[in-house]
Amino acid sequence: AGGGRAALRACGVHNVCRLLTRRAHGFYARDAGVAHRKNLGLLRRIMCQESTKFKNVWTTHSASPIAYERGRIYMDNYQCCITSIAQQPRLIYQKSKCAKSEKIEDALLLECPLGEMLPSPSDYKASLIVLTVQNWLLRLSADSGEVLEKVYLAGSCCKFFRYLSWDTPQEVMIVKSAQNKLPAAARQAGIQQTVLFYLAVFQVLPLSFIGMLEINKKIFGNSVTDVAVSNGILIVMYSMGLVRLYNFKAILEQFTEQSFDLGQEFNWNGQVGIVGKYPFGLPCNIKITDTPPLLFEASSLENAFQIGGYPWHYIITPNKKKHKGVFHICSLKDNALAKNGIQDMKCCSLEPDWIYFHPDMSGRIIHVGPNLIKVLKLKEVKNHADQMEIAEDFTIVANRENCVNNNVTVTASGRVVKKRFALLDDDPEQETFKIVDYEDELDLLSTVAVTQIGADGRAHLDFHCNEHGILLKSIPLKESWDVTYSHEVYFDKDLVLHIEQKPNRRFSCYVYQMVCDTARDDD
């Protein structure tokens, strides 16, 4: 207690809450987070030096999808794992080729929570949760691929689980089925399918079963097209663009009929089995018998709906095709449109612009167009504390200095020539933003801009100061970039990784490592 009072006096803080906040942010030299924060600050400065280069150290090609998770590259349907942390990527493990019945549909990386006692030593190491085509949920060691735990999901109720997602990251996991559809013959016979989706809910580390529920037409309506769970909210989407939000935790508390543990023997609805074992699987022990209380609903084009900012706001597009590319930012409290809350870049492009709340938890908004990135912020309207307005924090503009797009030109003879068509804003021959991401540990905003001339496309990855948008570093990517292909770019501290999907399921992976060698400018 005496030491705590001394710390308060030393830093001039007289409020315990402020002291704890400053401690969490690493303000005191004896705190464990300080060294880590200093090291990341040094890494950021080194990385942004002019002499620092990023060298393409490894390239591979595959006939199956390539995935990246926290320093590990997965290939051959997660049967092959390669570390990207070493100076050159190296093999961690290679398992024998699996049968089609063991194909992995989806995967999540599971990391050990800090400050908790766990039942097994293997729980303290990173693992991979995977979902197979035959409805097995497996927890694999990230270091060896060894199966640590296995749960059979599908009993008599559902046989098509396909998707993994987090409700609360690294704490509560959702396993979602594909949408139930009756065969054509059954539909012609007049048989009706009322259950659309199944959701299985798990607590992780240790892995435990919370419950399974069904999304039924009788409860949520006939026009449901999809569902999701995030941060304790059940999100139900409808064909007419309607989005409805329900309290998922309240649903679990109200409608859970009986709780079960994995491995428990029991008799359920006349079936005798073991929870999580074949062939019984999991019981559907959460029965929603009445429509849950509605938290919020909104109508948006293509069900596009996001919540964020402070105070809480949401972003929608008015539910008409003519409004595509127009975004409304409204208060969640009273649905009031913020001042300057209609954002429209008026792009003339093949690919639409996109908008989302900044992942740095600052409450800002990122709006990305073909040649312009706007970072927006919410602030109080002057003399109107209860009203918010959207203001521009900073912008990032594509380099189109050499691009001339005149609709009228004059020939050497003096003849005036008018073009019939103007170039699109995302014309491949003009530098166009394709990817925008945020590196949270280095607090950098990264952008990928592409210019394609003929068959040869060139891309560069730029690092910007997240606070002010200032360009700090530009990294040219050596490989050609075809704008018609699918691309993913990961920036993870001193690593840049580019995954490309070409036609006919051909995949390529390019790994770049930071190199601090001024004597080798060609690298």
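Counting from 1, residues in each chain are numbered in the order their sequence is written. Confidence filtering applies because this is a predicted model: local features only for residues at pLDDT of at least 70, side-chain atom pairs given and counted only at 80 or more, and all residues used for totals across whole chains, interfaces and linings. Only hydrogens and water are set aside when side-chain values are computed; all heavy atoms of the structure are taken into account.

- Naming follows an unreviewed UniProt entry, where the protein appears as DCA17 factor of Motacilla alba.

## Here we look at the sheet that holds strand S12 (residues 195-203)
Then, in step 1: Strands qualify as paired when DSSP identifies two bridges or more between them. Each helix corresponds to a stretch of at least 4 residues labelled H or I by DSSP, and each strand to a stretch of at least 2 residues labelled E; elements are numbered beginning at the N terminus. On the basis of which strands lie adjacent, the open sheet formed by four strands has the order S10-S11-S12-S13 and antiparallel pairing. On the outer flanks of this sheet lie strand S10 (161-168) and strand S13 (208-216), each paired with one strand and no other. On average, each strand axis in the sheet is tilted by 20° relative to the strand beside it, whichever way the strands run.
Then, in step 2: Where strand S11 (residues 172-177) and S12 come together, five bridges link them in antiparallel fashion. Residue Ile 174 lies in a different strand from S12, and its bridge partner there is Val 201. Only C-alpha atoms enter the line fits that serve as axes; for helices the fit covers just the stretch in contact. Angles between N-to-C directions range over 0 to 180 degrees.

## Some words on the packing of aromatic side chains
Then, in step 1: Under the pairing criterion, centres of Phe, Tyr and Trp rings, with the six-membered ring standing for Trp, must be within 6.5 Å; the plane angle then separates stacked pairs below 30 degrees from edge-to-face pairs above 60, leaving the rest tilted. On inspection of all chains with the given rule, the structure shows 13 aromatic pairs.
Then, in step 2: A centroid spacing of 5.2 Å and a plane angle of 40° characterise the contact between Tyr 74 and Tyr 78, whose relative ring orientation is tilted.
Then, in step 3: For the exposure calls, accessible area comes from a 1.4 Å probe over protein chains only, and a residue counts as buried if that area is under 20% of its type's maximum, exposed if over 50%, partly exposed in between. For Tyr 74, a relative accessible area of 1% gives the class buried.
Then, in step 4: Classification of Tyr 78 as buried rests on a relative accessible area of 17%.
Then, in step 5: Relative to Tyr 152, the ring of Trp 136 lies with its centre 5.0 Å away and its plane at 55°, an arrangement referred to as tilted. Of this pair, Trp 136 sits in strand S8 (residues 136-141) while Tyr 152 sits in strand S9 (residues 147-152), placing them 16 residues apart in sequence.
Then, in step 6: Look at Trp 136 and you get partly exposed, because its relative accessible area is 23%.
Then, in step 7: For Tyr 152, a relative accessible area of 10% translates into the label buried.
Then, in step 8: An aromatic cluster is present here, built from Phe 54, Phe 463 and Phe 491 joined pairwise through their rings.

## A word on the pairing of strand S20 (residues 305-308)
Then, in step 1: Alignment of S20 against strand S21 (residues 313-316), held across four bridges, turns out to be antiparallel. Following the sheet pairing, Gln 306 is matched in S21 by Ile 315.
Then, in step 2: Linking S20 back to S21 in an antiparallel pair, the connection comprises four residues, with Gly 309 at a positive phi of about 75°.

## Details of the side chain of Lys 176
Then, in step 1: Looking at where Lys 176 falls in the secondary structure, it is placed in strand S11.
Then, in step 2: Distance and chemistry together define a polar contact, namely a pair of N or O atoms within 3.5 Å, with one atom able to donate a hydrogen and the other to accept it when in protein, and with adjacent residues in sequence counting only for side-chain atoms on both sides. One polar contact links the side chain of Lys 176 to the main-chain carbonyl oxygen of Val 227, over a distance of 3.1 Å.
Then, in step 3: Every residue in contact with Lys 176, bar those within four places of it in the chain, is listed here: Phe 161, Arg 162, Tyr 163, Phe 197, Tyr 198, Leu 199, Asp 226 and Val 227. Every residue pair with non-hydrogen atoms within 4.5 Å of one another is taken to be in contact.

## Focus: the pattern of salt bridges
Then, in step 1: Whenever Lys or Arg places a side-chain nitrogen within 4 Å of a carboxyl oxygen from Asp or Glu, that contact is recorded as a salt bridge. What the rule picks out here adds up to 16 salt bridges.
Then, in step 2: The shortest N-O distance in the salt bridge between Glu 302 and Lys 324 comes to 3.2 Å. One end of the pair, Glu 302, is in the loop between strand S19 (294-299) and S20; the other, Lys 324, is in the loop between S21 and strand S22 (326-331), and 22 residues separate them in sequence.
Then, in step 3: When its relative accessible area of 60% is taken as the criterion, Glu 302 is described as exposed.
Then, in step 4: Here Asp 456 makes a salt bridge to Arg 458, at a shortest N to O gap of 3.5 Å.
Then, in step 5: Through salt bridges that share partners, Asp 360, Arg 364, Lys 377 and Asp 393 make up one connected network.

## Some remarks on unusual backbone geometry
Then, in step 1: Note the cis peptide between Leu 205 and Pro 206, where omega equals -5°.
Then, in step 2: Residue placement: Pro 206 occurs in the loop between S12 and S13.
Then, in step 3: Each neighbour pair has its own omega, and for Tyr 310 with Pro 311 the value is -5°, a cis peptide bond.
Then, in step 4: As for its placement among the helices and strands, Pro 311 is situated in the loop between S20 and S21.
Then, in step 5: For Asn 77, which is not glycine, the phi torsion reads 55° and is therefore positive.
Then, in step 6: Position of Asn 77 relative to the elements: it lies in the loop between strand S3 (72-75) and strand S4 (80-83).
Then, in step 7: The phi dihedral of Asn 231 falls on the positive side, at around 50°, and the residue is not glycine.
Then, in step 8: Note that Asn 231 resides in the loop between strand S14 (224-230) and strand S15 (233-238).

## Some points on the environment of Ile 316
Then, in step 1: Tracing the sequence through the fold places Ile 316 in strand S21.
Then, in step 2: Ignoring any residue separated from it by four or fewer positions in sequence, one finds Ile 316 in contact with Ala 298, Ser 299, Ser 300, Ala 304, Phe 305, Val 326, Phe 327 and His 328.

## Concerning the sheet that holds strand S33 (residues 471-476)
Then, in step 1: Read from one edge of the open sheet, four strands run S30-S31-S32-S33, paired in antiparallel fashion. Here the strands that pair on one side only, and so sit at the sheet edges, are strand S30 (432-439) and S33. For this sheet the average axis-to-axis angle between neighbouring strands, irrespective of direction, equals 20°.
Then, in step 2: Sheet topology places S30 next to strand S31 (residues 444-453); seven bridges connect them, and they run antiparallel. Each residue of the ladder has a partner; that of Tyr 438, found in S31, is Leu 445.

## Structural notes on the UniProt feature "transmembrane region" (unreviewed entry) in the protein
Then, in step 1: Taking the UniProt record as the reference, the feature "transmembrane region" (unreviewed entry) is found at residues 195-215 and 227-246.
Then, in step 2: For residues 195-215, helix accounts for 0% and strand for 81%, while the C-alpha atoms at its two ends are 6 Å apart.
Then, in step 3: Annotated as residues 227-246, this span is 0% helix and 75% strand, and its ends, taken at the C-alpha atoms, are 11 Å apart. UniProt positions are given in the numbering used here, feature names are shortened, and annotations may be inferred rather than shown by experiment.

## What to know about the state of the cysteines
Then, in step 1: The disulfide definition used here is simple: a pair of cysteine sulfur atoms within 2.5 Å. The final tally for this structure, using the stated rule, is zero disulfides.
Then, in step 2: Here Cys 48 is not cross-linked by a disulfide; its sulfur's nearest cysteine counterpart is in Cys 465, at 9.4 Å.
Then, in step 3: Here Cys 80 stays unpaired: no disulfide links it, and the sulfur of Cys 81, its closest cysteine neighbor, is 7.3 Å away.
Then, in step 4: Residue class for Cys 80 comes out buried when judged on its relative accessible area of 5%.

## Re the pairing of strand S16 (residues 242-247)
Then, in step 1: Both S15 and S16 contribute to a ladder of five bridges, which runs antiparallel. When the bridges of S16 are listed, Val 236 appears paired with Arg 244.
Then, in step 2: Counted between consecutive antiparallel strands, the loop separating S15 from S16 contains three residues, among which Gly 241 sits at a positive phi close to 95°.

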